[in-house]
Amino acid sequence: MTEEKRRLIDENGIRTDGRRWDELRPLKIEVGVVKNADGSALIEWGKNKIIAAVYGPKEMHPKHLELADRAFLKCRYHMAPFSVEERKNPAPSRREIEISKVIREALQPALFLEDYPRTAIQVYVEVLQSDGGSRVAGVTASALALADAGINMRDLVVGCAVGKVDGKVVLDLNDIEDKEGSGDMPFTFMPNLNQVTLLQMDGLFTLDEFKQAVELGKAGGMKVYQAQREALLKRYFDGAAPDSSAPAAEMMEA
Amino acid sequence: MVDIIRKQVIPGDVIVTGDYRPGSFVQRRGNDMVALRVGLAEVAQNGVKVIPLSGAYMPRAEDMVVGKVVNVTGYGWEADINSCFVGYLPGQFVFGRDFSPATHDLMTRFRVGDLLLAKIEAFDRTKDPQLSIRGPGLGKIPQGEIVRISPMKVPRLIGRKGYMINMIADLTACNVKVGQNGMIVVDGTPEGTEKAVAAINLVQEGAHMADLTARVQRLLGAPVTPEPAAEGDSGE
Amino acid sequence: MPKSFVVETIKRNQIVDALAKGKRLDGRGVNEYRKLEIKTHVIQKANGSAMVTLGDTQVLAGVKIDKGVPFPDTPDKGLLIVGAEVLPMAASYLEAGPPDESAIELARVVDRGVRESEMIDVSSLVIKEGKWVYSVFVDVNILNVDGNLFDATSYAVVAALLTAKMPRFVLDGDTVKDTGERLPLPVRKVPVSVTMATINGTLVLDPTEEEEAVMDARITLDTEDEGHICAGQKGEPGSFTPEQVLTAAEWSIAKGREIRQKIKEATAGG
């Protein structure tokens, strides 16, 4: 950064993209976008455009790695070469490998892997266009893809990044704030179980700021959860009224 | 008649709070009954369950499945049964007890790509499901139109005591082979097949709809009559 | 276990029987394309981009343009490189890993069509000969596989290039400076790839994945605006008669013309 540090929040408390400290970027979610996949979702969040797709439970390859008592959860976070300002080499980078791991570990607490011994569940997160918070957007989309695939889940997983910009704790960093701000904390949790499943951070936070960040992340995440719910319900029920009045004989039996 | 409350749910949703018996795809958390899948939750007097609307086929012994031969080994056939496990049909189940890989040529019976209507003979999650084709109507499926639906919607397609599937077969004069794994083969006249496939796709799309039977009847140009009610409750 | 698509025997028979009557299972004639949709400007961070949907095959191409160093043997030409990745999410039988021979063939055949047609005037993509040139990378993500990746990928690459805006670089002493101006690429032609397959002796256009599982051989021919054939590739273990190859050439010109028009409409206005 050769330029002098610019202000990211103006005197009226407005951020570079016009938001206030506690506002989310525009968010759009669609479930069921990859025809061949067992489950999938597209999330557009700020400039992020991310597809998550799930295959599974399926046969484990290589066979000798299969687990006798549960499914093997695999996750691949990958960025398209054109997803960032400067073309990215398509080979997986160390950053992508680390993010793949933390995404896997963010999703795992929500899954009943023990219901699928000897199988594999594969989650693919493909970043078509990247903006701040791509990993939490990836987790949010992946949880939907897993639910769409019909894997037994304790809860969805949802996330939102929080950061420190011009000395203030703010919600949902955009790309500029991510790069030029003084702290970033991607954060995901299970909304009903109230359990944190991913937390990374950099920058300096006082204990008070850290507390604020966690609270803000949760509040922001709950808004994202509403969008997540609506997308999933739309995919399966598409406005059809709940049919409590239906005679029992009309319903399926297991 | 017992009052049944239905709710559209996603994983993590509290279906109801109180002292109920958790049924399929439901977990008890304290006093909360929580859904584990996307689907329709049913709250009855005796328990709570979720009827999932998506998910993979998990093999169960005695299930009928439609499998596609994907590999012929020296001792038997491997079949894709639209599941995380590959079905295995041993040579002796086809050639009998005196089967020997040296004298019997497996390729004379089934080749890669052949479809089989098979029964899951044994499956216990420590090894791959074993298939058998002993039984009336089982074996190679010679012809027909292949339709795939979500395995979770097969019970709805079959209907109570086979009502829905028999109705579709009768009204279209088709032979319909339904695998619990969501693989279906329809055989009949071109017009009959087209109608039957449309009806099956309607069940796939509208499995959660209350008036599905009437919709299928209308599609097939039949008078609308209700599906006979079951005796007893709607438990499993 | 299945590492590729296995078509059911009864489906194979249906495909072959229908073709004997000149029909296809999805209702198309032998020389008809599936529904083709081209959407441009889908990735704002790329210099150009296009999402192509051909039946259920879906691919996304993005162009990145930067300054680069020319190859020693072509100091007076800019760089134009096409890459393609069949994402493991695109079909159930795929696994993550480096591109296999099919993915590399795909990228090279698409690259050849663009290069040999001289679609982009690479000699004008030079900032300082022998030292600085423009580098144009076109990367393609295959998102969902349902046959004929060659054509879908090619249309996405061509549409992305047609709508790309490149920065205007100038020499500033020994370094290169971005003027902030944005210009279209120096496009001369619009190459169109047309892929055909032979199934039991019948030539069909734009094969689906099921048809590819049944086909004996595949042929891709690229044509340019004047109707010249500029690149080609035969693939798969089967063979063609010379007459079939000539029919394929005729189809590639006639169909190429129709599709060129579609690509031009979808990319009109840059």
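Overview of the structure. (Residues numbered from 1 in each chain as written. Chains lettered and ligands numbered in written order. Predicted model: local features only at pLDDT ≥ 70, side-chain atom pairs only at ≥ 80, totals over all residues. Heavy atoms only, no water.)

## Quick word on the overall build of chain C
Working step 1: In terms of regular secondary structure, chain C is built from 5 helices and 12 strands.
Working step 2: A compact globule built from 270 residues would reach a C-alpha radius of gyration of about 18 Å, and chain C, at 20 Å, matches this within 12%.
Working step 3: Burial status across chain C gives 56% buried among its 270 residues.
Working step 4: Pairs at least 24 residues apart make up 69% of the contacts formed inside chain C by residues separated by at least 6 positions.
Working step 5: Carbon and sulfur atoms form 50% of the exposed surface of chain C, whose accessible area is close to 11400 Å².
Working step 6: Here chain C holds 32 positive side-chain charges and 41 negative ones, and the gap between their average locations is 4 Å. (Helix = DSSP H or I, 4+ residues; strand = E, 2+ residues; numbered from the N terminus. Rg over C-alpha atoms; globule rule 2.2 N^0.38 Å. Buried < 20%, exposed > 50% of the residue type's maximum accessible area, 1.4 Å probe, protein only. Contact = heavy atoms within 4.5 Å. Areas by Shrake-Rupley, 256 points an atom, 1.4 Å probe, with all protein chains shown as cover. Lys, Arg positive; Asp, Glu negative; His and termini not counted. Charge placed at Lys NZ, Arg CZ, Asp CG, Glu CD.)

## A closer look at the pairing of strand 15 (residues 183-187) of chain B
Residues and elements named next belong to chain B.
Working step 1: Counting buried positions along strand 15 gives 4 out of 5 residues, so the element sits mostly inside the fold.
Working step 2: Summarising the sheet, strand 14 (residues 175-178) and strand 15 pair through 4 bridges and their orientation is antiparallel. Opposite V178, over in strand 15, you have I184 as the bridge partner.
Working step 3: The hairpin formed by strand 14 and strand 15 contains 4 residues between the paired strands, and G182 there has a positive phi angle of roughly 90 degrees. (Pairing = 2+ DSSP bridges.)

## A look at the sheet that holds strand 5 (residues 119-129) of chain A
Residues and elements named next belong to chain A.
Working step 1: What the 5 strands build is an open sheet, ordered 1-2-3-5-4; its pairing is mixed. With one partner strand each, in any of the chains shown, strand 1 (27-31) and strand 4 (72-79) form the two edges of the open sheet. Geometrically, the sheet is characterised by an average inter-axis angle of 15 degrees between neighbouring strands, direction not taken into account.
Working step 2: Across 8 bridges, the pairing between strand 4 and strand 5 is parallel. The residue of strand 5 that forms the bridge with M79 is V127.
Working step 3: On top of the sheet, helix 1 (residues 94-107) reaches strand 4 and strand 5; it is set at about 135 degrees to strand 4, its chief contact.
Working step 4: Along the sheet, helix 4 (residues 207-237) contacts strand 1 and strand 2 (39-45); its crossing angle with strand 1, the most-contacted strand, is approximately 30 degrees. (Axes fitted to C-alpha atoms, helices over the stretch in contact; angles between N-to-C directions.)

## Side note on the nonpolar core
Working step 1: Among the nonpolar cores identified, the biggest contains 96 residues, and I121 and L146 of chain A together with L89 of chain B are the most heavily contacted of them.
Working step 2: With 10 residues, the top contributor of residues to this core is helix 2 (residues 134-149) of chain A.
Working step 3: Excluding its chain neighbours within four sequence positions, the residues that come into contact with L146 of chain A are V54, L107, L111, I121, V123, I151 and M153 of chain A.
Working step 4: Counting 72 residues, the second-largest nonpolar core is a separate cluster that includes L125, V140, L205 and A248 of chain C. (Core = buried A, V, L, I, M, F, W, Y, C linked by side-chain atoms within 4.5 Å.)

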